[in-house]
Amino acid sequence: MTPAIEFESVVRRYGALRAVDGVSFRVGRGEFFALLGPSGSGKTTSLRLIAGFERPDGGRIRLDGVDVAATPPYGRSVNTVFQDYALFPHLSVLDNVSYGLRRRGIGAAEARKRSLARLDMVQLASAADRSPTQLSGGQRQRVALARALVNEPSVLLLDEPLGALDLKLREEMQTELKTLQRSLGITFVFVTHDQGEALSMADRVAVFNAGRIEQLDTPRTLYQRPATEFVARFVGSANVLKGRLAERVLGRTGCYSLRAEDLRLVDATAVTRAGHATGTVIDVQYRGAASRVRIDVGGGDVLQAEVDSGRLGAAASIGASVGLAWSEDALIAVNESP
Ligand code: ADP
Ligand code: MG
């Protein structure tokens, strides 16, 4: 099947900076695709290239199999929800949503009907006559969504749409967005710097670092099989053992990822063999069901273990001597990042 979106070795430069540096990916129709990466890694630029607000300096972009090099933004079946929502403050909620339809020449009654239907979908029909300035952040977010969806785009681009919301609302909207995407069958390209958000919502995630894709995989594979040190750290918050640390603790060379929840705390005196280490607890972060324990293993190196809070025991105290154990298959060889 023809992909909804296709990037082939796409490059976008700003002066000497390669903001997007040879990026290739394909997004399937109806897929929920996330671009995940730290600030400045090229996510927004990639989204703007899809929308047509930016032109590539190299490579090809195809939408539904058609090269869009010569297609202006308004000629693409793509709508964007911007991080700041970009609502018109002087227009009512309803007029914000129907604006695009009216500009396309759709009659007032029909535009009103369709806009109300979209507002109803995001549970805001009752706020149709209010001004966006009278709404909460979460409500404005929903208006922006309704405004993008009313045009019935085949692709919806979302640039950190939940970034301005507090945690509880963000989690609610994550569920809502995912449900909406499933029921409408629209292709979503979702930009975020929040790995939890990307992993919980997306079918596949492209992990960006410095204008390139480090790894493109399903959430499960990214988490369980990170390909690079960068992905191990950024997506899995994993321990990375390399160089001196790998030699000392593992007795081998190379670069390995070891997830915090795969590290077990054991009695320090029980540590007698390779695959085990000892250290001193320097920090305990309570996070509800689980706690993060930071252990100084000597030589200036710190490992993190995620431990069931109910089983913290003696390890809960700073300064305690602990043993660390892990099973061999928890060690994942990854490519060292520069
Ligand atoms: P992200 O969305 O991942 O935070 P961006 O795609 O916005 O990253 O930016 C990637 C890089 O390109 C950054 O270093 C940013 O400063 C730079 N950049 C983005 N837009 C412009 C622009 N219009 N002019 C110059 N540099 C830009
Ligand atoms: Mg951005």
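Whatever comes next refers back to the structure up there.
It should be emphasised that the depicted structure is a prediction, and the values quoted were computed from it without experimental measurement. (Residues numbered from 1 in each chain as written. Chains lettered and ligands numbered in written order. Predicted model: local features only at pLDDT ≥ 70, side-chain atom pairs only at ≥ 80, totals over all residues. Heavy atoms only, no water.)

**Considering the sheet that holds strand 5 (residues 66-67)**
In space, the 4 strands of this open sheet follow the order 2-1-4-5, with antiparallel pairing throughout. Of all the strands in the sheet, just strand 2 (17-27) and strand 5 have a single pairing partner and so form its edges. Note that strand 1 (residues 5-14) and strand 2 share 8 bridges and pair antiparallel. When the bridges of strand 2 are listed, phenylalanine 7 appears paired with phenylalanine 25. Together, strand 1, strand 2 and strand 4 (58-63) form the strand contacts of helix 1 (residues 43-51), whose direction differs from that of strand 1 by roughly 120°. (Pairing = 2+ DSSP bridges. Helix = DSSP H or I, 4+ residues; strand = E, 2+ residues; numbered from the N terminus. Contact = heavy atoms within 4.5 Å. Axes fitted to C-alpha atoms, helices over the stretch in contact; angles between N-to-C directions.)

**As for the site of ligand 1**
In the region of ligand 1, the neighbouring residues are Tyr14, Leu17, Ala19, Pro38, Ser39, Gly40, Ser41, Gly42, Lys43, Thr44 and Thr45. Between ligand 1 and glycine 40, the relevant distance is 2.6 Å, taken from an oxygen atom to a main-chain nitrogen or oxygen of the residue. Between serine 41 and ligand 1, the recorded distance is 3.1 Å, taken from a backbone N or O atom to an oxygen atom. Contributions of two or more residues to the shell around ligand 1 are made by strand 2 and helix 1. Residue contributions to the shell around ligand 1 peak at 3 residues, all from helix 1. Its residues placed into classes, the shell around ligand 1 shows 4 nonpolar, 6 polar and 1 charged. (Near = heavy atom within 4 Å. Polar contact = N/O pair within 3.5 Å; in protein donor to acceptor, adjacent residues only side chain to side chain. Nonpolar A, V, L, I, M, F, W, Y, C, P; charged D, E, K, R; others polar.)

**Quick notes on the packing of helix 4 (residues 137-149) against helix 5 (residues 167-184)**
Two elements in contact, helix 4 and helix 5, have axes whose closest approach is 11 Å; the angle formed by their N-to-C orientations is 15°. It follows that helix 4 is roughly parallel to helix 5 by the angle criterion. At the point where helix 4 passes helix 5, the crossing takes the right-handed sense. Touching Gly138, Gln141, Arg142, Leu145 and Leu149 of helix 4 are Leu169, Met173, Glu176, Leu177, Leu180 and Leu184, all from helix 5. Classifying every residue of the contact of helix 4 with helix 5 by side-chain character gives 7 nonpolar, 2 polar and 2 charged. (Parallel < 35°, antiparallel > 145°, perpendicular 65-115°, else oblique. Left-handed = near helix turned anticlockwise from the far one by under 90°.)

**Quick look at helix 9 (residues 243-250)**
Of the positions making up helix 9, those classed as buried are Leu245, Ala246, Val249 and Leu250. Down the axis of helix 9, the buried set is contained in an arc of 100°. They therefore lie on one face. (Buried < 20%, exposed > 50% of the residue type's maximum accessible area, 1.4 Å probe, protein only. Arc of directions from axis to C-beta.)

**Here's the deal with the pattern of salt bridges**
If you walk through the whole model with that rule in mind, you get 27 salt bridges. Here glutamate 176 ties to arginine 142 by a salt bridge, and the two come within 3.0 Å at their closest N and O atoms. With glutamate 176 in helix 5 and arginine 142 in helix 4, the pair connects residues that are 34 residues apart, well separated along the chain. Relative accessible area serves as the criterion here: at 25%, glutamate 176 is assigned to the partly exposed category. For lysine 168, the salt bridge is made with glutamate 172, and the minimal N-O distance between the two is 2.9 Å. Separated by 4 residues within a single helix, lysine 168 and glutamate 172 lie in helix 5, roughly one turn from each other. Each of Glu6, Glu8, Arg26 and Arg62 takes part in a single network of salt bridges with overlapping partners. (Salt bridge = Lys/Arg side-chain N within 4 Å of Asp/Glu carboxyl O.)

**A few points about the environment of arginine 114**
As for its placement among the helices and strands, arginine 114 is situated in helix 3 (residues 108-121). Relative accessible area serves as the criterion here: at 29%, arginine 114 is assigned to the partly exposed category. Expressed as a C-alpha distance, the spacing of arginine 114 and serine 98, which sit 16 residues apart in the sequence, is 7.9 Å. Once you skip the residues sitting within four places of it in the chain, arginine 114 turns out to touch Leu101, Ile106 and Val150.

In short, geometric facts, not functional conclusions.
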